[in-house]
Amino acid sequence: MTGRQPDTHITFLGTGTSHGVPMIGCKCAVCRSSDPHNKRSRTSALVSYSGRNILIDISPEFRLQCIENNVQRVDAVLFTHAHADHIFGLDDLRRFNEMQGMSIPCYGSPDTLAVIRKAFEYIFIQTQEGGGKPKIELLPVDGPFTAAGISITPIPVFHGQLPILGYRIGNLAYVTDCSEIPHDSMELLRGLDVLVLGVLRKKAHETHFTLDQGVSVALELSAKLTYFVHMSHSLDHDATNQELPSSIQLAYDGLVVEI
Ligand SMILES: [Zn+2]
Ligand SMILES: [Zn+2]
Ligand SMILES: [Zn+2]
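Fair warning: this is a prediction, and the values are worked out from it, not measured in the lab. (Residues numbered from 1 in each chain as written. Chains lettered and ligands numbered in written order. Predicted model: local features only at pLDDT ≥ 70, side-chain atom pairs only at ≥ 80, totals over all residues. Heavy atoms only, no water.)

Draft legend 1. Up close: the coordination of the zinc ion (ligand 3). Of the protein atoms, only H81 (NE2), H83 (ND1), H159 (NE2) and D177 (OD) coordinate the zinc ion (ligand 3), at distances of 2.2 to 2.4 Å. Geometry at the zinc ion (ligand 3) is irregular, judged from the 4 donor atoms that bind it and their angles of 90 to 172° at the metal. Donor residues for the zinc ion (ligand 3), ordered by position in the chain, follow H-x1-H-x75-H-x17-D. Between the two metals, the zinc ion (ligand 3) and the zinc ion (ligand 1), the spacing is 3.4 Å, and D177 donates to both. Placement of H81 in the loop between β4 (76-78) and α2 (84-87) and of H159 in strand β8 (residues 150-159) is noted, with a sequence separation of 78 residues between them. The buried category is assigned to H81, whose relative accessible area is 1%. (Donors = N, O, S within 2.8 Å, 3.2 Å for Na, K, Ca; no water. Tetrahedral: all angles 85-135°; square planar, octahedral: opposite > 155°, others 65-115°. Helix = DSSP H or I, 4+ residues; strand = E, 2+ residues; numbered from the N terminus. Buried < 20%, exposed > 50% of the residue type's maximum accessible area, 1.4 Å probe, protein only.)

Quick look at the structure:
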């Protein structure tokens, strides 16, 4: 983040799908593009509110994203689900433990937290001290809750067959890796200022919305602004945005939007 930031804002730390863009070994036009908007690290965002920061998911590029965006605090973490691209930066929370002198509360569904316990077993068992381990508190989500002093509503959605969570924070909602939003959850997403929605590509996919499906969800919810995240290398930033209505756009790494 550079310059003065509005009091309440979202910073898009990463906007790419699990492979990232450019994808290893790919020679397509988007992967070779010199447009910085086409460089997408794995999807994650930071919601800032009166100096407090809520991190949504912890991508494998978390450390680099923090340096790039000058992230100074993490007061709480919300996990959408436990796929590798959403959790594998977790060890770098250590720096925030050190700087803040506190354990960091991490929220997610009981299933998500169970996978995190397994994937990061070393955190939860006795080992020699070494470089230290992240100090986190895993807090299961089973309805609306308060994190870092802010009220949050979980939004149950489907990622293929897998039930995962989106989150609504005031008039911002964040829903990634989604292929179906049940009716009751659509109702929880009415009246938004900013909707963040995962779309993968134009071609159909079993576990992610296509661009067209994302647009129809965005039009139905009619948030003032919708930003797409979790894009693959098949979507060029400028060319895709030119096809979209101005209230619905692809986000990019480092974008900051006032809420
Ligand atoms: Zn993902
Ligand atoms: Zn490519
Ligand atoms: Zn996923």
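Draft legend 2. The arrangement of the sheet that holds strand β3 (residues 52-56) in detail. A sheet is described by the order of its strands in space; here 7 strands give the open sequence β6-β5-β4-β3-β2-β1-β14, paired in mixed fashion. Bordering the open sheet on either side are β6 (136-140) and β14 (256-258), each of which pairs with just one other strand. Adjacent strand axes in the sheet meet at a mean angle of 20° when their direction is disregarded. Across 2 bridges, the pairing between β4 and strand β5 (residues 104-108) is parallel. Within the sheet, the bridge partner assigned to L78 lies in β5 and is Y107. Packing against the sheet, helix α4 (residues 110-119) makes contact with β5 and β6, and its axis sits at approximately 150° to β6. (Pairing = 2+ DSSP bridges. Axes fitted to C-alpha atoms, helices over the stretch in contact; angles between N-to-C directions. Contact = heavy atoms within 4.5 Å.)

Draft legend 3. Structural context of the sheet that holds strand β10 (residues 172-175). Here 7 strands make up an open sheet; going across it, the order is β7-β8-β9-β10-β11-β12-β13 and the pairing mixed. Every interior strand has two partners, whereas the edge strands, β7 (145-147) and β13 (248-250), have only one. Neighbour-to-neighbour, the strand axes of the sheet open up by a mean angle of 30°, direction not taken into account. With 4 bridges joining them, β10 and strand β11 (residues 194-198) adopt parallel strand pairing.

Draft legend 4. View of the coordination of the zinc ion (ligand 1). Looking at the zinc ion (ligand 1), the protein donor atoms are D85 (OD), H86 (NE2), D177 (OD) and H230 (NE2), and they sit 2.1 to 2.2 Å from it. Donor residues for the zinc ion (ligand 1) sit on one chain with the sequence pattern D-H-x90-D-x52-H.

Draft legend 5. Expanded view of the packing of aromatic side chains. A complete count under the given rule lists 6 aromatic pairs for this structure. With centroids separated by 5.4 Å and ring planes inclined at 45°, the aromatic side chains of F88 and F120 adopt a geometry described as tilted. With a gap of 32 residues between them, F88 in the loop between α2 and α3 (94-100) and F120 in the loop between α4 and α5 (121-124) connect regions that are remote in the sequence. On the basis of relative accessibility, which here comes to 43%, the residue F88 falls in the partly exposed class. In this structure an aromatic cluster arises from ring pairing among F88, F120 and Y122. The ring of F124 has R117 sitting right over it, with the charged end atom 5.1 Å from the ring centre. (Phe/Tyr/Trp six-rings, centres within 6.5 Å; stacked < 30°, edge-to-face > 60°. Lys NZ or Arg CZ within 6 Å of the ring centre and 35° of its normal.)

Draft legend 6. Summary view of α4. Along α4, the positions that sit buried rather than exposed are T112, L113 and I116. One face of α4 carries all of its buried residues, which in axial projection span an arc of 95°. Exposed residues on α4 whose side chains face more than 90 degrees from its buried face are D111 and K118. Where α4 is buried, its residues contact α2, β5, α5 and β6. (Arc of directions from axis to C-beta.)

As far as function goes, none of this settles anything; it's purely spatial.
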